[in-house]
Amino acid sequence: MLRLLLFFLLFSNMVPAQTTLPVYHDSLFSTYYHQQYSLFRSLPQTKNDILFVGNSITDGNEWNELFDNSKMKNRGISGDISAGVIHRIDEIANRKPEKVFLMIGVNDLARKIKPDSVVKNILLIAAYLRLQSPATRLYIQSILPVSDAYNMFTGHTSKEKEIKQVNTHLKDSARNYRYSFIDLYPDFCDEHGKLKKEYSNDGLHLTGGGYLLWKHLLYAYANDLGKKPALIPEPQSITWKKGLFPLFKCKTIVISGSALQQEAEKLKTFLQSKGIAANITSQGRSIEPFIELKLARIETPQYANEAYDLNVDEKKVSIRANTTHGIFNGLQTLMQLMRDGSMIDACSIVDWPAFWWRGYMIDVGRNYMPVDLLKEQIDVMSRYKLNVFHFHPTEDIAWRIAIKQYPQLTAPEHMLRNKGMYYTESDIKELIQYCKERYISFVPEIDMPGHSAAFKRAMKTDMQTGTGMIYVKNILKEFCKTYDVPYIHIGADEVKIINKNFIPEMTALLESMGKKVIGWQPGGNFSSHTIRQLWMDDSTYLSPGKDIQYIDSRHLYLNHFDPLETPVTIFYRKIGNKEKGDKTTPGGTLCTWHDRAVGSWTDILKMNAVYPGILAFAERSWKGGGVDGWTAVIDKENKNLNFHEFENRLLDHKQQYFSGKPFPYVRQTYMDWDFYGPYDNGGDFAKQFAPELKTFNTSETRPLFSGVGGTIVLRHWWAPKIKGMLDSAKENTTWYAKTKVWSPLDTVQHFWIGFNNLSRSPATDSPPVGAWDNKGSAVWVNGQLIAAPQWARGGQKGNAEIPLIDEGYEYRTPAKIFLKQGWNDVLIKAPVGSFKGNDWQNPVKWMFTFVQIPF
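About the criteria used
Residues numbered from 1 in each chain as written. Predicted model: local features only at pLDDT ≥ 70, side-chain atom pairs only at ≥ 80, totals over all residues. Heavy atoms only, no water. Helix = DSSP H or I, 4+ residues; strand = E, 2+ residues; numbered from the N terminus. Contact = heavy atoms within 4.5 Å. Areas by Shrake-Rupley, 256 points an atom, 1.4 Å probe, with all protein chains shown as cover. Lys, Arg positive; Asp, Glu negative; His and termini not counted. Charge placed at Lys NZ, Arg CZ, Asp CG, Glu CD. Buried < 20%, exposed > 50% of the residue type's maximum accessible area, 1.4 Å probe, protein only. Pairing = 2+ DSSP bridges. Phe/Tyr/Trp six-rings, centres within 6.5 Å; stacked < 30°, edge-to-face > 60°. Axes fitted to C-alpha atoms, helices over the stretch in contact; angles between N-to-C directions. Parallel < 35°, antiparallel > 145°, perpendicular 65-115°, else oblique. Left-handed = near helix turned anticlockwise from the far one by under 90°. Nonpolar A, V, L, I, M, F, W, Y, C, P; charged D, E, K, R; others polar. Core = buried A, V, L, I, M, F, W, Y, C linked by side-chain atoms within 4.5 Å. Right-handed = clockwise from strand over helix to strand, strands pointing away. Disulfide = S-S within 2.5 Å. 1 Å grid on protein atoms, 1.4 Å probe; cavity = no way out; pocket = protein on both sides within 12 Å on 5 of 7 lines; lining within 4 Å. Points joined across faces, edges and corners; volume = space filled by probe spheres on them. Salt bridge = Lys/Arg side-chain N within 4 Å of Asp/Glu carboxyl O. Polar contact = N/O pair within 3.5 Å; in protein donor to acceptor, adjacent residues only side chain to side chain. Expected span 1.5 Å × (residues − 1). pLDDT = per-residue confidence, 0-100.

Details of the overall build of the chain
Link 1 in the chain: On a plain count of helices and strands, the chain comes out with 23 helices and 32 strands.
Link 2 in the chain: Along the first, second and third principal axes, the C-alpha set of the chain runs to 100 × 80 × 50 Å.
Link 3 in the chain: The long-range share in the chain, meaning contacts at least 24 apart out of those at least 6 apart in sequence, stands at 77%.
Link 4 in the chain: Of the accessible surface of the chain, which amounts to about 34900 Å², a share of 50% is contributed by carbon and sulfur atoms.
Link 5 in the chain: Charged side chains of the chain number 101 positive and 90 negative; the gap between the two group centres comes to 1 Å.

Take a look at the structure:
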């Protein structure tokens, strides 16, 4: 933290406190300049725009259309020089833009202005903009190369040497003047150092292809993305190469046979969404840049049926695989590579999954969810190569599968929640087909004999009675004859088995109908053929020598995670305690069990961080690896499993693919905390200790340790099974955490703050009136105590039928906090009493969340 502070202080000293602009006479500038400048001054004074400032090269582009972003505005003026930008910089600075992309200087050089003078003017622009609009991010682009091949603009095209000098100086000055330098020059150069002919028709200005290349090179900066496309899951092997595939020129998809027609149609549809019209052919290769899909033998260490290789060069894109499923997987990666719709970076990928069972489960028994919203989740699964959709529609609360023989099962009077809402035969067949088209296995769960109170209300008998068994067998026969699915999940957990024949008979019936049976473990008296889905940790289930398949869902319940904890815990998970799958460990399933009633369907996705969780699980289940044990702590020292790097990719995907969808995750790896404690509070949560006193001096008292994260789990409520920040947590203690938050100006910012992220399974009490929690937790910013929210149901006793409304930071209005310009001090107080809690509905979660969010 001290190093970062010194870094910003150093930068502040490098930029002059006062910057005086020279005054230029209007006669220096052209009529067109004054026309455009007058127009810019007359336009509405919108804030937080992205402005492109420059000369005719900038002026000639349709920036908002090119990027499909109405915030992007053209401030280029044909013929402009650096003095012209200085003359109109006030109009730019007064708008307080989010970003400014500046390219200027080639016209100066053509007027025989020295490179040093051009650089001096540009640095003056940078310094002035920094002072007048400190929150604006400035990107200074290199001057483009020129070419004398056309014998046009000779005053410009003769300045190759001077252009390079300006670019070198601008690159070297970027750190001192706090702007980002974007070197476009090499990508526009041919082997002779000239502007490539395919990007210009006069040696100075750009044609359409040149602007599309420019878009590709700026795309990451304009959209706050990584320089290279973020791939999730990360391929097993990827090599980035020099060169670009001109996607905008691609008009042909070549397939090796009719078996690939369906996958080619999917690619064609995707290209259409990017504004690219491509034809599908099996007649040889295209002369123009093309994409080839081909079935071929691909050698990989395992699971070759899903493997693929993908190669991109300047002339073609090739995806090869052993099966159409492998081609489909390759297409998902290719679509991520096509992020800007203009160019694709050259690369070579060989990829295969570490586990062949990569599942996601949704409980629609407790809370009905519309088919369209289920399809949305299936779409996300398919884009990230998950291949098992576990559908849980029967519960104590309601039975939601239509059964022709027993329509009373779905009668409203037998449901306790979302009465009358269930899935028809048409709905389920539609979901099965939707999954099949995306290479996803639809795995229905008919929970038996437990979690079956709805069955009992409708059928007037328990499943384990003789009559109940007849009903259940009839249900299974009808279901298996109606739906083409390979697996049936029978649940069988959390129930007392009073009829030892129940599970064996149901299993035998399903197996006789060609179905593979899955059950929860711990659970019923299964046969050795039954696949066990683990939901509690017990190493005996994974002991060597047992010829039984296990699906790992231990500590993979999204309903128990804090949203910021979700990707962290899943990222570090070692599925099945193994680096990769084998004959007994096919993989795992990520589960969403939202026991509590919800106010809206999408609350399930928001409160349980479903989409961030799916992406983290896709990464781990495809890539393999992980760490031994379970953790809720970001390990910044682990370079082999770099969560910071994954977070960058995760947020890139949030930005690109989840606009308008619930994605409760923000950057947290920049949050460095110093921890002070433990202080014995003797059960008195209000007791004050040194860190919250004004006399406390951090330079004299060293922190005990440091940690990283927006959410810090001091002690997990399932400790020691799950690692928290404290290795040896003690009851009746108070800890303090300190950090600093930077603000470029005096402003109000938005924060997620919380001290007890409620699980969505137990009926936990709402926070008390006037307090963050019942432990006396507190937060100060610059010495000012931040008041707890005015809870909608403060002090409400937990009730599973009362939806959560503002108890979690991710679904309530963010806290608004005034930050001063510069560094702001943050202090967290986190006391705790007993770890036992009052009851199982109110576990003691010793944690805190404090993180700034975009708003």
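A closer look at the pairing of strand β18 (residues 531-534)
Residues in a regular strand project their side chains so that they alternate between the two faces of the sheet.
Link 1 in the chain: On β18, burial covers both faces: Ile-531 and Gln-533 on one face and Arg-532 and Leu-534 on the other are all buried.
Link 2 in the chain: One ladder, built from 4 bridges, connects strand β17 (residues 516-521) with β18; its direction is parallel. From the neighbouring strand, Ile-518 faces β18, where its bridge partner is Ile-531.
Link 3 in the chain: Of the pairings in the sheet, the one linking β18 to strand β19 (residues 550-552) comprises 3 bridges and is parallel in character. Bridge pairing links Arg-532 to Tyr-550 in β19.

So, the packing of aromatic side chains
Link 1 in the chain: Taken as a whole, this structure holds 49 aromatic pairs when the rule is applied.
Link 2 in the chain: Residues Phe-52 and Phe-67 carry aromatic rings whose centres are separated by 6.2 Å and whose planes lie at 25° to one another, so their mutual orientation is stacked. With Phe-52 in strand β1 (residues 50-54) and Phe-67 in helix α4 (residues 63-67), this residue pair connects regions lying 15 residues apart in the sequence. Note on accessibility: Phe-52 and Phe-67 belong to one class, buried.
Link 3 in the chain: Ring centres of Phe-188 and Tyr-199 lie 5.7 Å apart, and the angle between their planes is 70°; this geometry places the pair in the edge-to-face category. Here the residue Phe-188 occupies a position in helix α11 (residues 185-188), and Tyr-199 occupies one in the loop between α11 and α12 (208-222), the gap between them amounting to 11 residues.

Some points on the packing of helix α8 (residues 115-132) against helix α10 (residues 160-177)
Link 1 in the chain: Running from amino to carboxyl end, α8 crosses α10 at an angle of 30°, the nearest separation of the two axes being 9 Å. One way to sum up the angle between α8 and α10 is to call them roughly parallel. The handedness of the crossing between α8 and α10 comes out as right-handed. Residues Pro-115, Asp-116, Val-118, Val-119, Ile-122, Leu-123 and Ala-127 of α8 pack against Glu-162, Gln-165, Val-166, His-169, Leu-170, Ser-173 and Tyr-177 of α10.
Link 2 in the chain: Per-class residue counts for the contact of α8 with α10 are 9 nonpolar, 3 polar and 2 charged.

Some thoughts on the nonpolar core
Link 1 in the chain: Membership of the largest hydrophobic core comes to 122 residues, with the highest contact counts inside it found for Phe-389, Trp-399, Trp-673, Ile-753 and Phe-850.
Link 2 in the chain: The element that contributes the greatest number of residues to this core is helix α22 (residues 610-623), accounting for 7 residues.
Link 3 in the chain: Dropping the residues within four chain positions of it, Trp-673 is found in contact with Phe-705, Ser-706, Gly-707, Gly-709, Ile-712, Ala-737, Lys-738, Thr-739, Val-826, Ile-828, Phe-848 and Phe-850.
Link 4 in the chain: One finds Leu-66, Tyr-179, Phe-181 and Trp-214 within the second-largest nonpolar core, a separate group that totals 72 residues.

Describing the sheet that holds strand β10 (residues 308-312)
Link 1 in the chain: The mixed open sheet is built from 7 strands, whose spatial order is β6-β12-β10-β11-β9-β7-β8. A strand with exactly one partner marks an edge of an open sheet, and here the two such strands are β6 (237-246) and β8 (279-281). Within this sheet the neighbouring strands show an average axis-to-axis angle of 20°, counted without direction.

Observations concerning the pairing of strand β7 (residues 252-255)
Link 1 in the chain: A two-sided burial pattern is seen for β7, the buried positions comprising Thr-252 and Val-254 on one face and Ile-253 and Ile-255 on the other.
Link 2 in the chain: This β-α-β element, β7 to helix α13 (residues 261-273) to β8, shows right-handed connectivity.
Link 3 in the chain: Pairing analysis gives 4 bridges linking β7 to strand β9 (residues 290-295), with the strands arranged parallel. Bridge pairing in β9 links Thr-252 to Phe-290.

Here we look at unusual backbone geometry
Link 1 in the chain: A cis amide bond links Met-448 to the next residue, Pro-449, at an omega of -15°.
Link 2 in the chain: Among the structural elements, Pro-449 can be located in the loop between β15 (441-448) and α17 (453-459).
Link 3 in the chain: Cis rather than trans, the peptide bond between Gln-521 and Pro-522 has omega equal to 0°.
Link 4 in the chain: Checked against the element boundaries, Pro-522 lands in the loop between β17 and β18.
Link 5 in the chain: Phi angles above zero are rare outside glycine, and Asp-68 is one such case at about 55°.
Link 6 in the chain: With respect to the secondary-structure elements, Asp-68 resides in the loop between α4 and β2 (72-76).
Link 7 in the chain: On the basis of relative accessible area, Asp-68 is assigned to the exposed category, the value being 72%.
Link 8 in the chain: Despite not being glycine, His-451 has its phi angle at roughly 50°, a positive value.
Link 9 in the chain: Positionally, His-451 belongs in the loop between β15 and α17.

Quick word on the sheet that holds strand β14 (residues 388-392)
Link 1 in the chain: Strand order in the closed barrel formed by 8 strands is β13-β14-β15-β16-β17-β18-β19-β20, and the pairing between neighbours is parallel. On average, each strand axis in the sheet is inclined to that of its neighbour by 30°, with strand direction left out of account.
Link 2 in the chain: Strands in contact with helix α18 (residues 466-482) are β15 and β16 (487-491); relative to β15, the strand with the most contacts, it is inclined by about 170°.

Observations regarding the state of the cysteines
Link 1 in the chain: Applying the stated criterion across every chain, the model contains 0 disulfides.
Link 2 in the chain: The thiol sulfur of Cys-250 is not disulfide-bonded, and the nearest other cysteine sulfur, from Cys-347, lies at 15 Å.
Link 3 in the chain: On the accessibility criterion, Cys-250 (0% relative accessible area) is buried.
Link 4 in the chain: Classification of Cys-347 as buried rests on a relative accessible area of 1%.

A short note on empty space enclosed by the protein
Link 1 in the chain: According to the stated counting rule, one finds 5 cavities of 30 Å³ or more in the structure shown.
Link 2 in the chain: In this model, the largest cavity occupies a volume close to 50 Å³.
Link 3 in the chain: In this structure, the largest cavity is lined by His-560, Asp-562, Glu-565, Val-713, Arg-715, His-716, Trp-717, Lys-845, Trp-846 and Met-847.
Link 4 in the chain: Elements supplying a minimum of two residues to the lining of the largest cavity: β24 (711-715) and β32 (846-853).
Link 5 in the chain: The residue inventory of the lining of the largest cavity, partitioned by class, reads 4 nonpolar, 2 polar and 4 charged.

Examining the side chain of Glu-810
Link 1 in the chain: Note on placement: Glu-810 falls in the loop between β29 (784-785) and β30 (815-819).
Link 2 in the chain: Here Glu-810 sits buried without a salt bridge, and the closest side chain of opposite charge, Arg-760, lies 4.7 Å off (N-O distance).
Link 3 in the chain: At a separation of 3.1 Å, a polar atom in the side chain of Glu-810 contacts the side chain of Asn-757.
Link 4 in the chain: Beyond its immediate chain neighbours, meaning those up to four positions away, Glu-810 contacts Pro-563, Lys-606, Met-607, Pro-664, Trp-752 and Asn-757.

Comments concerning helix α15 (residues 371-383)
Link 1 in the chain: In this model, α15 (13 residues) spans 18 Å end to end at C-alpha, consistent with the 18 Å of a helix rising 1.5 Å per residue.
Link 2 in the chain: Among all positions in α15, only Val-371, Leu-373, Leu-374, Lys-375, Gln-377, Ile-378, Val-380, Met-381 and Ser-382 are buried.
Link 3 in the chain: Considering only its buried residues, α15 is in contact with α14 (324-337), β13 (357-363), β14, α16 (425-436), α21 (602-607) and α22.
Link 4 in the chain: Immediately beyond the C-terminal end of α15, within one or two residues, lies Lys-385, with a positive phi of roughly 70°.

Comments concerning the environment of Pro-744
Link 1 in the chain: Mapped onto the elements, Pro-744 comes out in the loop between β26 (733-743) and β27 (747-754).
Link 2 in the chain: Expressed as a C-alpha distance, the spacing of Pro-744 and Lys-47, which sit 697 residues apart in the sequence, is 16 Å.
Link 3 in the chain: Those residues in contact with Pro-744 that sit more than four places away from it in its chain are Pro-134, Ala-135 and Gln-821.

Quick notes on the confidence of the model for the chain
The predicted coordinates of low-pLDDT regions are not to be read in fine detail.
Link 1 in the chain: Across the chain, the average pLDDT comes to 95, with 97% of residues at or above 70.
Link 2 in the chain: In this model, residues 1-15 is a region of pLDDT below 50 whose contacts with residues beyond four sequence positions or in other chains number 19 contacts.

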